[in-house]
Amino acid sequence: MTFEKVKEIIVDTLSCEEDEVTMEANLFDDLGADSLDAVELNMAIGDAFGITIEDEKIAEMKTVGDIVNYIDSTK
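What comes next concerns the included structure. Everything quoted here is computed from the prediction, not taken from an experiment.

### Looking at a negative patch on the surface
Together, E4, E17, E18, D19, E20, D29 and D30 make up a region of like negative charge exposed at the surface. Secondary-structure assignment places E4 in helix α1 (residues 2–14).

Take a look at the structure:
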């Protein structure tokens, strides 16, 4: 399931608690990501799912759900 894999990557990258990572969680406001974290997340997600997320697309993604939905739309 896409969400579980994304959740695992976010927990590893942001060092946050698993229960904080929900589809509605805002990467910046709720999970404490900064711009460097966003770059690291982009690279980790790209590697894990074999996709490339353009910089302008990743900038539009604010929630965990945004990332999951984008990944699912590329399948």
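The structure having been displayed, the exposition proceeds.
### What about empty space enclosed by the protein?
Scanning all chains against the criterion turns up one cavity of 30 Å³ or more. Its boundaries defined by the atoms lining it, the largest cavity holds a volume of some 50 Å³. Lining the largest cavity, in full, are L27, F28, A33, A38, L41, I58, M61 and I67.

### Focus on the side chain of T63
Relative to the elements of secondary structure, T63 occurs in the loop between α3 (55–60) and α4 (64–73). At a separation of 3.1 Å, a polar atom in the side chain of T63 contacts the main-chain amide nitrogen of D66. Excluding its chain neighbours within four sequence positions, the residues that come into contact with T63 are M23, E24, A25, N26 and L27.

### Focus on the environment of K5
Along the polypeptide, K5 turns up in helix α1. Sequence-distant contacts of K5, defined by excluding residues within four places in its chain, comprise A48 and F49.

### Points about the nonpolar core
Counting residues in each nonpolar core, the largest one holds 23 residues, and the members touching the most others are I10, V21, L27, L31 and V64. Those elements that place two or more of their residues in this core are α1, α2 (35–49) and α4. For this core, the element with the highest residue contribution is α1, accounting for six residues. Setting aside residues no more than four positions away along its own chain, L31 makes contact with I10, L14, C16, E20, V21, A25, N26 and V64.

### Concerning α4
Because the α-helix completes a turn every 3.6 residues, residues three or four places apart line up on one side. If you check which residues of α4 are buried, you get V64, G65, I67, V68, Y70 and I71. Elements that come into contact with the buried residues of α4 comprise α1, α2 and α3.

### Brief notes about the packing of α1 against α2
In the contact formed by α1 and α2, the axes pass within 10 Å of each other and the chain directions differ by 140°. Judged by the inter-axis angle, α1 sits oblique to α2. Our pair here, α1 against α2, has a crossing hand that is right-handed. Contacts between α1 and α2 involve T2, K5, V6, I9, I10, T13 and L14 on the former and, on the latter, D37, E40, L41, A44, I45, A48 and F49. Looking at the contact of α1 with α2 residue by residue, the classes come out as nine nonpolar, two polar and three charged.

Here is what the cut-offs are and how they apply
- Residues numbered from 1 in each chain as written.
- Predicted model: local features only at pLDDT ≥ 70, side-chain atom pairs only at ≥ 80, totals over all residues.
- Heavy atoms only, no water.
- Patch = residues over 30% accessible without salt bridge, like charges linked within 9 Å, V, L, I, M, F, W, Y side chains within 5 Å.
- Areas by Shrake-Rupley, 256 points an atom, 1.4 Å probe, with all protein chains shown as cover.
- Salt bridge = Lys/Arg side-chain N within 4 Å of Asp/Glu carboxyl O.
- Lys, Arg positive; Asp, Glu negative; His and termini not counted.
- Charge placed at Lys NZ, Arg CZ, Asp CG, Glu CD.
- Helix = DSSP H or I, 4+ residues; strand = E, 2+ residues; numbered from the N terminus.
- 1 Å grid on protein atoms, 1.4 Å probe; cavity = no way out; pocket = protein on both sides within 12 Å on 5 of 7 lines; lining within 4 Å.
- Points joined across faces, edges and corners; volume = space filled by probe spheres on them.
- Polar contact = N/O pair within 3.5 Å; in protein donor to acceptor, adjacent residues only side chain to side chain.
- Contact = heavy atoms within 4.5 Å.
- Core = buried A, V, L, I, M, F, W, Y, C linked by side-chain atoms within 4.5 Å.
- Buried < 20%, exposed > 50% of the residue type's maximum accessible area, 1.4 Å probe, protein only.
- Axes fitted to C-alpha atoms, helices over the stretch in contact; angles between N-to-C directions.
- Parallel < 35°, antiparallel > 145°, perpendicular 65-115°, else oblique.
- Left-handed = near helix turned anticlockwise from the far one by under 90°.
- Nonpolar A, V, L, I, M, F, W, Y, C, P; charged D, E, K, R; others polar.

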